[in-house]
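The lines below spell out each chain.
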Amino acid sequence: MSAMLELEGVTSGYDGIPIIRDVTFEIGEGQILAVVGRNGAGKTTLARTIIGLLQPSRGKILLRGEDVTRSDARERALAGIGYVPQGRGIFGRLTVDENLLLGTAVGKRAASERALVDVYKLFPILEQRRLQKGGTLSGGEQQMLAIGRVLIGAPSLLVLDEPSDGIQPSIVEQISNLVVQLNQDHGLTTLLVEQNIDMVVSCAHRCFVMDKGSIVTEVSPKGLEDPEFARQYLAV
């Protein structure tokens, strides 16, 4: 299996202060890789570094073998990295349609009615709300919209940062099923940064644990259900 994403000794942070240190791992094409850890472990900093919102002070980032370490977020989006941030980041004053079409501005696929149709097939509730302002949607619908906006650009690598945050369990299950469906039907490689163990177990192929800015161990997703493991690595 060839690598979709490789990190080699990546150190990154804010204002010269490292938050993640010497992070090395790879995601194979077609894999769903989860990164878990306590709050403050560096998971979101890792995601923001991968998608280009933060530049590493050391190390290298490769996307399908191409060095993108110094590429900015827009360049990485055009290269095929799609990012759904924690908190969703939709535009509340724009309609569902308008939010989705913004996804084509930075993704690989040109704007088209076909692209909208594809997303509405995945999220029928969004089609019912297509002329509704994003800010009037429920939290779960906003998360669907945020994911749909990224998918409309046809990413090769999907980075999801805490997609279950503030979402009711039934919608979390729906999003988990979607991640699996996109992987099985389209081979979409996914990096899932997540605290919800049930979600990780339901859809991830592999799982890394972060602590104090470093990858400390790899565990099978089912292994997260071991109470002793959870106490050691995930308990607050």
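The rules behind the values
- Residues numbered from 1 in each chain as written.
- Predicted model: local features only at pLDDT ≥ 70, side-chain atom pairs only at ≥ 80, totals over all residues.
- Heavy atoms only, no water.
- Core = buried A, V, L, I, M, F, W, Y, C linked by side-chain atoms within 4.5 Å.
- Buried < 20%, exposed > 50% of the residue type's maximum accessible area, 1.4 Å probe, protein only.
- Contact = heavy atoms within 4.5 Å.
- Helix = DSSP H or I, 4+ residues; strand = E, 2+ residues; numbered from the N terminus.
- Pairing = 2+ DSSP bridges.
- Axes fitted to C-alpha atoms, helices over the stretch in contact; angles between N-to-C directions.
- pLDDT = per-residue confidence, 0-100.
- Expected span 1.5 Å × (residues − 1).
- Arc of directions from axis to C-beta.
- Salt bridge = Lys/Arg side-chain N within 4 Å of Asp/Glu carboxyl O.

## A few points about the nonpolar core
One finds Leu-100, Leu-126, Ile-147, Val-200 and Leu-224 to be the most contacted residues of the largest nonpolar core, which totals 43 residues. The contacts of Val-200, once residues within four sequence positions are left out, are Ala-34, Val-36, Leu-192, Glu-194, Cys-207, Pro-221 and Leu-224. Met-4, Val-35, Ile-51 and Leu-63 belong to the second largest nonpolar core, which has 26 residues in total.

## Examining the side chain of Thr-49
Take Thr-49: it is sitting in helix H1 (residues 43-50). On the basis of relative accessible area, Thr-49 is assigned to the buried category, the value being 0%.

## A word on the sheet that holds strand E9 (residues 206-211)
Read across the sheet, six strands follow the order E6-E7-E8-E3-E9-E10 without closing on themselves; strand pairing throughout is mixed. Looking at the sheet topology across the chains shown, the edges are occupied by strand E6 (81-84) and strand E10 (214-219). Ignoring which end each strand starts from, the neighbouring axes of this sheet average 20 degrees apart. As paired elements, strand E3 (residues 32-37) and E9 share five bridges and run parallel to each other. Across the sheet, the residue bridging to Val-35 is Phe-208, located in E9.

## Re the confidence of the model for the protein
When pLDDT is averaged across the protein, the result is 91; 95% of the residues are at 70 or more. Per-element mean pLDDT across the protein ranges from 82 in helix H4 (residues 113-122) up to 98 in strand E4 (residues 58-63).

## Some words on helix H7 (residues 169-186)
An ideal rise of 1.5 Å per residue puts 26 Å on 18 residues; H7 measures up with 25 Å between its terminal C-alpha atoms. Taken together, the buried positions of H7 are occupied by Ile-171, Val-172, Ile-175, Ser-176, Leu-178, Val-179, Leu-182 and Asn-183. Seen end-on, H7 carries its buried residues on one side only, within an arc spanning 155 degrees. In H7, the exposed positions angled more than 90 degrees off the buried face are occupied by Pro-169, Glu-173, Gln-184 and Asp-185.

## Brief notes about the side chain of Ser-164
Structurally, Ser-164 can be placed in the loop between strand E7 (157-161) and H7. Excluding its chain neighbours within four sequence positions, the residues that come into contact with Ser-164 are Val-172, Glu-194, Asn-196 and Met-199.

## A look at the pattern of salt bridges
Per the stated rule, a full pass over the model turns up seven salt bridges. In this structure, Asp-211 and Arg-38 form a salt bridge, with 3.4 Å as the shortest nitrogen-oxygen distance. Here Asp-211, found in strand E9, pairs with Arg-38, found in the loop between E3 and H1; they are 173 residues apart in sequence, far enough to count as distant. Residue classification places Asp-211 among the partly exposed positions, given a relative accessible area of 23%. The class of Arg-38 is partly exposed, set by a relative accessible area of 22%.

## So, the sheet that holds strand E2 (residues 17-28)
Pairing is antiparallel across the open sheet formed by four strands, whose spatial order is E2-E1-E4-E5. Since the sheet does not close on itself, it has two edges, and those belong to E2 and strand E5 (66-67), each with one partner. Where E4 lies against E5, two bridges are found, and the strand directions are antiparallel. Across the sheet, the residue bridging to Leu-63 is Glu-66, located in E5. Of the strands in this sheet, strand E1 (3-14), E2 and E4 touch H1, which is tilted by about 115 degrees from E1.

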